Amino acid sequence: MAAVAALHLAPVKGLRLVGVDAVDVRAPGAVGDRAFHVREADGTIVTTQRNPRLLQVVPAWDPPRGELALAFPDGTRVAGPVEPGAAVTTAFWDGRPVAGRVVEGPFGPALSEHAGRPVQLVVRDDRESGGDVQPMSLMSSASLCALAATLGGDVDERRFRMTITIDGVQAWEEHGWVGRDVRVGDAVLRVDSLCERCVVTTRDPESGRTDAPVLKALAELRGKDDVTFGVWCDVAAPGRVRVGDIAEPLADV
């Protein structure tokens, strides 16, 4: 039977992924996931594709206490309570407007120094989703192993920035769940679509350096016009998900 092997969150969209033991899933996604994003001066989102050095910054977000910390590769660490300021709207990569508020304090200046230009840290509105397509994502360890075999070495699962990794299914089995509901722990996810992959997957998830031909390997495995890996999920029913919880597709009604 399939089970949750790992859970990851990105407290700040585009920064380092963080492993966790459990998540509370609500309609906008996992609590604490993509709670913040980095905004350009022109109102567009700062993307990892164009700014791979973002992966070098390690976030720690404590929602109950409302405290955020950012650790930079030079040893600098900025931390403190999140104080929302001016209301703004950020255009995400697909043009979708996402409402939020600029975070006051040391976070924006520290990120600006790291980025080499003025940027803002924004906390998104609770009613918004920080996901690119759907609020949750899921992949299998078996699919990762199939890709690793093609690449000739281990593949760090964080390259794919997925919320949930599961064990106990065959490679690419999760790709066949599109259109189905899947119970994961206490939550029910509706599998919406396959995840189309981009150049972020070719970069080391800690340094941001390009170091593996992941897209080429996916094309060899899946077909030249198919570089999908994992699935996007909407939230059909909220609940808590823990590492070790059962993950199973529900019978079609």
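None of these values were measured; they are calculated from a predicted model.

Calculation criteria
For every chain, the first residue of the written sequence is number 1, and numbering continues from 1 onward in sequence order. Since the coordinates come from a predicted model, pLDDT governs what is reported: local features require at least 70, and pairs of side-chain atoms require 80 or more to be given and counted, while whole-chain, interface and lining totals use all residues. Each side-chain value is derived from all of the structure's non-hydrogen atoms; neither hydrogens nor water enter the calculation. Put simply, DSSP H or I for four residues or longer makes a helix, DSSP E for two residues or longer makes a strand, and each gets a number counted from the N terminus. Per-residue accessibility, obtained with a 1.4 Å probe over protein chains only, is compared with the maximum for each type, and a residue is labelled buried under 20%, exposed over 50%, and partly exposed between these values. N or O atoms within 3.5 Å of each other form a polar contact, as long as, within protein, one can give a hydrogen and the other can take it, and as long as residues adjacent in sequence are counted only when both atoms are side-chain atoms. By definition, residues are in contact when any of their heavy atoms lie within 4.5 Å. Disulfide: a pair of cysteine sulfur atoms within 2.5 Å of each other. A pair of Phe, Tyr and Trp rings is counted when the ring centres sit within 6.5 Å of each other, with Trp represented by its six-membered ring. The angle between the planes then sorts it: under 30 degrees is stacked, over 60 is edge-to-face, the rest tilted. Only lysine NZ and arginine CZ atoms are considered, and such an atom sits over a ring when it is within 6 Å of the ring centre and within 35 degrees of the ring normal. Structural elements are reduced to axes, namely lines fitted to C-alpha atoms, with helices fitted over the stretch in contact, and the angle between N-to-C directions of any two is expressed from 0 to 180 degrees. Roughly parallel covers angles under 35 degrees, roughly antiparallel covers those over 145, roughly perpendicular covers 65 to 115, and oblique covers all other angles. The classification used treats Ala, Val, Leu, Ile, Met, Phe, Trp, Tyr, Cys and Pro as nonpolar, Asp, Glu, Lys and Arg as charged, and all other residues, Gly among them, as polar. Should DSSP find at least two bridges between two strands, the strands are regarded as paired. Basic side-chain nitrogens of Lys or Arg form a salt bridge, by our definition, when they fall within 4 Å of a carboxyl oxygen of Asp or Glu.

Trainee: Give me the side chain of Asp 245: which residues, what numbers.
Mentor: Within the fold, Asp 245 resides in the loop between β17 (239-242) and β18 (247-249). A relative accessible area of 15% places Asp 245 in the buried class. A polar contact is formed between the side chain of Asp 245 and the backbone nitrogen of Arg 242, at a distance of 2.7 Å. Not counting residues up to four positions away in its chain, the partners in contact with Asp 245 are Ala 2, Ala 3, Val 4, Gly 185 and Arg 240.

Trainee: Which residues make up the state of the cysteines, and what are the values?
Mentor: All told, the structure shown has 0 disulfides when counted by the stated rule. Take Cys 195: it sits in no disulfide, and the sulfur closest to it among the cysteines is that of Cys 233, at 7.7 Å. A residue is classified by how much of its surface remains accessible, and Cys 233, at 1% relative accessible area, is buried.

Trainee: Explain the packing of aromatic side chains to me, and be specific about the residues and the numbers.
Mentor: Under the definition given, this model contains 3 aromatic pairs. Summarising the aromatic geometry, the rings of Phe 36 and Trp 61 are spaced 4.9 Å apart at their centres and angled 85° between planes, so their arrangement reads as edge-to-face. Of the two residues, Phe 36 sits in strand β5 (residues 36-40) while Trp 61 sits in strand β6 (residues 58-62), which places them 25 residues apart along the sequence. Measuring from ring centre to ring centre gives 4.1 Å for Phe 160 and Phe 229, while their planes differ by 20°; the resulting arrangement is stacked. Taken together, the positions of Phe 160 in the loop between α2 (141-151) and β13 (164-167) and Phe 229 in strand β16 (residues 228-237) put the pair 69 residues apart, joining distant regions of the chain. Residue placement shows Arg 222 over the ring face of Trp 172; its charged tip is 4.7 Å from the ring centre.

Trainee: Any chance you could break down the packing of α2 against helix α3 (residues 214-222) for me, citing the residues and the numbers?
Mentor: Contact geometry of α2 with α3 gives a least axis separation of 9 Å together with a crossing angle of 105°. As the angle between them shows, α2 and α3 are arranged roughly perpendicular. Facing Ala 146, Leu 147, Thr 150 and Leu 151 of α2, the residues of α3 in contact are Val 214, Ala 217, Leu 218, Glu 220 and Leu 221. Classifying every residue of the contact of α2 with α3 by side-chain character gives 7 nonpolar, 1 polar and 1 charged.

Trainee: Lay out the sheet that holds β6 with the relevant residues and their values.
Mentor: The antiparallel open sheet is built from 3 strands, whose spatial order is β6-β7-β8. Every other strand in the sheet has two partners, leaving β6 and β8 (77-81) as the edge strands with one partner each. The mean angle between the axes of side-by-side strands here comes to 10°, regardless of whether they run parallel or antiparallel. Inspection of the sheet shows β6 paired to strand β7 (residues 67-71) by 5 bridges, in the antiparallel sense. By the bridge assignment for β7, Asp 62 is matched with Glu 67. Running over the sheet, helix α1 (residues 107-115) touches β7 and β8 and is turned about 155° from β8.

Trainee: Explain the side chain of Thr 202 residue by residue, including any values.
Mentor: Note on placement: Thr 202 falls in the loop between β15 (187-196) and α3. Here the side chain of Thr 202 touches Val 199 through a polar contact of 2.6 Å, landing on its backbone oxygen. Ignoring any residue separated from it by four or fewer positions in sequence, one finds Thr 202 in contact with Arg 159, Arg 209, Thr 210, Asp 211, Ala 212, Val 214 and Leu 215.

Trainee: Could you give an account of the pattern of salt bridges, with specific residues and numbers?
Mentor: Per the counting criterion, the structure on display carries 13 salt bridges. In this structure, the salt-bridge partner of Glu 40 is Arg 117, at a minimum N-O distance of 2.7 Å. Residue Glu 40 is located in strand β5, and its partner Arg 117 is located in the loop between α1 and β11 (119-124); the two are separated by 77 residues in the primary sequence. Taking the relative accessible area as the measure of exposure, Glu 40 reaches 16% and is therefore buried. Accessibility expressed as a relative area gives 26% for Arg 117, which makes it partly exposed. One salt bridge in this structure joins Arg 242 and Asp 245, with 3.3 Å as the shortest N-O distance.

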